[in-house]
Amino acid sequence: MRFILNGEEREVRSAPLARLLDVLREECGLTGTKEGCGEGECGACTVLLDGAAVCSCLVPLAQTEGAVVTTIEGLGDDHPLQRAFMDEVGAQCGICTPGMILTALSLGPRPSPAKLRQGLAGNLCRCTGYEAIYRAIRAAT
Amino acid sequence: MLRDEQSLVPLAGATDLYVSLNAGTLEGRRFLNLWSLPSLRRIVLQGDTLSIGALATYSALITSRLVRARLPMLVQASRQVGGLQIQNRGTIGGNVANASPAGDTLPVLAAVDAIVVLGSADGERRVPFNGFYTGYRRTVRRPDELITAIEVPAVGGAQWFRKVGTRAAQAISKVVMAGVRGGAPRVALGSVAPVVLRLPGTEAALADGATIDEAVRTLETEIAPIDDLRSTAEYRRRVAGNLLRRFWADTAPA
């Protein structure tokens, strides 16, 4: 299977029914994408697939041929969203953070409060109570 | 391929694949990948009929000008499926084929008398949506058929939709209702029986000018809710009646 991973063409050999989550973490060695539930309920495994936020724990590798995949690593080290999450303390344990940032990225510039709440409804956080996360995203977008 | 290997399970957005596999409830082990078939994603108007490709995702339905104009309650339903990540992958064809009694788009399609278009090597056939389910998670789709589109005739009247779940997102419904009021009222309910239901008795009562109390009593005879993981029969019965009252009050002529 061949897809574009964080801007570079990548060929992988995992099985067709392997979850994209596992392919990214294990075969590609990119452990920034986290597994929280394995059933698409928590959003910790969120990546961008052709620009759209999806749960990578639900995507079979077979459906990624030629797709553009973006993981948290694809943002580099100094993206405005990453800075804002640090400055606003939008991350405590950090397990939800990569998913939060990628989903936020997919919402485009300056999402309204309603669009932010709706857009992040599939990303659960057990630590922050969400307000700091919203502040971080507002600060960065 | 489906004709030759009938144990192949068609796979669209795959939002339920690993969930069922892990739960041991998925019978198939070999899958037919439908994800990259652009011809099944189209949303078009054919005369007065809205034709929605089976692979249209919830996100596509939400942003479609045609769906927003002609079937806004499908947009409402789609916005309440899971979260953004599920909406970006789940498809209307998958929701219909998966045949859960709690499927969020199902009452909408039932209330508007939609048509399911089935394609196979032998050609195409059309089945009324309100005839597609024969029992719990059972449909009339043959193993060699694919759902290719859902067709929705013009809807005359006000559309109404409400999903009651544990929370506003990422929840399977306890009760889900869709209604159309204009001429003869149409009411459909999910999560109160093994399949999505239309309520012919309740619809007739309302059309004949019964009081809403009488209509709710009729509704209670037409549903068969159970106690399960998510709710109780008693709660479902009560809330279904409340939803009928809300539907009737919200859509009353000004």
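## Observations regarding the environment of B:Gly241
Residues and elements named next belong to chain B. The residue glycine 241 is located in helix α10 (residues 233-250) in this model. For the pair glycine 241 and arginine 217, spaced 24 residues apart in the sequence, the C-alpha separation amounts to 8.0 Å. Not counting the four nearest positions on each side in its chain, glycine 241 is found in contact with Val216, Leu219 and Glu220.

## Concerning the environment of B:Gly53
Residue and element names in this part refer to chain B. Inspection of the secondary structure puts glycine 53 in strand β4 (residues 49-53). For glycine 53, a count of 22 C-beta atoms within 10 Å corresponds to the buried category. Once the C-alpha coordinates of glycine 53 and threonine 202 are considered, the two residues, 149 residues apart in sequence, prove to be 32 Å apart. Among all residues touching glycine 53, those that are not within four sequence positions of it are Leu40, Arg41, Arg42, Ile43 and Ala149.

## A word on the packing of helix α8 (residues 200-207) of chain B against helix α9 (residues 212-222) of chain B
Residue and element names in this part refer to chain B. Here α8 crosses α9 at 165°, and the two axes come no closer than 8 Å. One element, α8, and the other, α9, form an angle in the roughly antiparallel class. Note on packing geometry: the crossing formed by α8 with α9 is right-handed. For the pair α8 and α9, the contacting residues are Gly201, Thr202, Ala205 and Leu206 in the first and Glu214, Ala215, Thr218, Leu219, Thr221 and Glu222 in the second. Of the residues belonging to the contact of α8 with α9, the class tally is 4 nonpolar, 4 polar and 2 charged.

So, how was this worked out
- Residues numbered from 1 in each chain as written.
- Chains lettered and ligands numbered in written order.
- Predicted model: local features only at pLDDT ≥ 70, side-chain atom pairs only at ≥ 80, totals over all residues.
- Helix = DSSP H or I, 4+ residues; strand = E, 2+ residues; numbered from the N terminus.
- Contact = placed C-beta atoms within 7 Å.
- Buried ≥ 20, exposed ≤ 12 C-beta atoms within 10 Å, placed from the backbone.
- Axes fitted to C-alpha atoms, helices over the stretch in contact; angles between N-to-C directions.
- Parallel < 35°, antiparallel > 145°, perpendicular 65-115°, else oblique.
- Left-handed = near helix turned anticlockwise from the far one by under 90°.
- Nonpolar A, V, L, I, M, F, W, Y, C, P; charged D, E, K, R; others polar.

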